[in-house]
Amino acid sequence: MSVGQIVSLMRGGILQVFILSAPVLGAALVIGLIVAIFQATTSIQESTLTFLPKMLVMLAVLALLGGWMFTTLEGYTINLFRMIPEFAK
């Protein structure tokens, strides 16, 4: 196994992590920003007000995109397993 192949595998794995985590983290970021603006304008500093909406939105995004995430990860994993004989040479 050459260094180029290892770098390619690592790059592909990191890219998959970014692709799969981006929707959940992006939704949490947007909701966190909206709640922070709401808290700043109303001077309400309740800690559960920041946590609960983020958790609910993250669960909703996982419920909506979970099938796509699993399919993407499944395709990547199957591709990795198919490449094992090539790397064993």
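Further up the page is the structure itself.
Residues numbered from 1 in each chain as written. Predicted model: local features only at pLDDT ≥ 70, side-chain atom pairs only at ≥ 80, totals over all residues. Heavy atoms only, no water.

Novice: Looking at this structure, I do not really get the overall build of the protein. What am I missing?
Specialist: For the protein, the helix and strand inventory stands at two helices and zero strands. Taken over C-alpha atoms, the radius of gyration comes to 19 Å for the protein, far larger than the 12 Å a tight globule of 89 residues would show. For the protein, the spread of C-alpha atoms along the three principal axes comes to 65 × 25 × 15 Å. Counting over 89 residues, the protein shows a buried share of 16%. Considering only residue pairs separated by 6 or more positions, the protein has 67% of its internal contacts joining residues 24 or more positions apart. A total accessible area of about 6600 Å² is found for the protein, and carbon and sulfur atoms account for 76% of it. (Helix = DSSP H or I, 4+ residues; strand = E, 2+ residues; numbered from the N terminus. Rg over C-alpha atoms; globule rule 2.2 N^0.38 Å. Buried < 20%, exposed > 50% of the residue type's maximum accessible area, 1.4 Å probe, protein only. Contact = heavy atoms within 4.5 Å. Areas by Shrake-Rupley, 256 points an atom, 1.4 Å probe, with all protein chains shown as cover.)

Novice: What is the right way to read the side chain of Gln-39 from this model?
Specialist: Relative to the assigned elements, Gln-39 resides in helix H1 (residues 3-42). Judged by relative accessible area, which is 8%, Gln-39 ranks as buried. Reaching out from Gln-39, the side chain makes a polar contact with the backbone oxygen of Glu-46 at a distance of 3.1 Å. Apart from the residues within four sequence positions on either side, Gln-39 is in contact with Ile-44, Gln-45, Glu-46, Leu-49 and Thr-50. (Polar contact = N/O pair within 3.5 Å; in protein donor to acceptor, adjacent residues only side chain to side chain.)

Novice: Whenever I open this one, helix H2 (residues 47-87) confuses me. Can you help?
Specialist: Side chains of residues three or four places apart in an α-helix project in the same direction, reflecting 3.6 residues per turn. Along its 41 residues, H2 runs just 51 Å from first to last C-alpha, ending more than 12% under the 60 Å computed at 1.5 Å per residue. Turning to H2, its buried residues number three or more, namely Val-61, Met-69, Tyr-76, Met-83 and Phe-87. (Expected span 1.5 Å × (residues − 1).)

Novice: Mind showing me how you'd approach the nonpolar core here?
Specialist: What tends to happen in soluble globular proteins is that the nonpolar side chains get buried as a cluster. Ranked by size, the top nonpolar core spans five residues in total: Leu-20, Val-24, Ala-27, Val-61 and Met-69. Sorting the residues of this core by element identifies H1 and H2 as the ones contributing at least two each. With three residues, H1 is the largest single contributor of residues to this core. Ignoring sequence-local partners within four residues, the contact set of Leu-20 consists of Trp-68, Met-69, Thr-72 and Leu-73. (Core = buried A, V, L, I, M, F, W, Y, C linked by side-chain atoms within 4.5 Å.)

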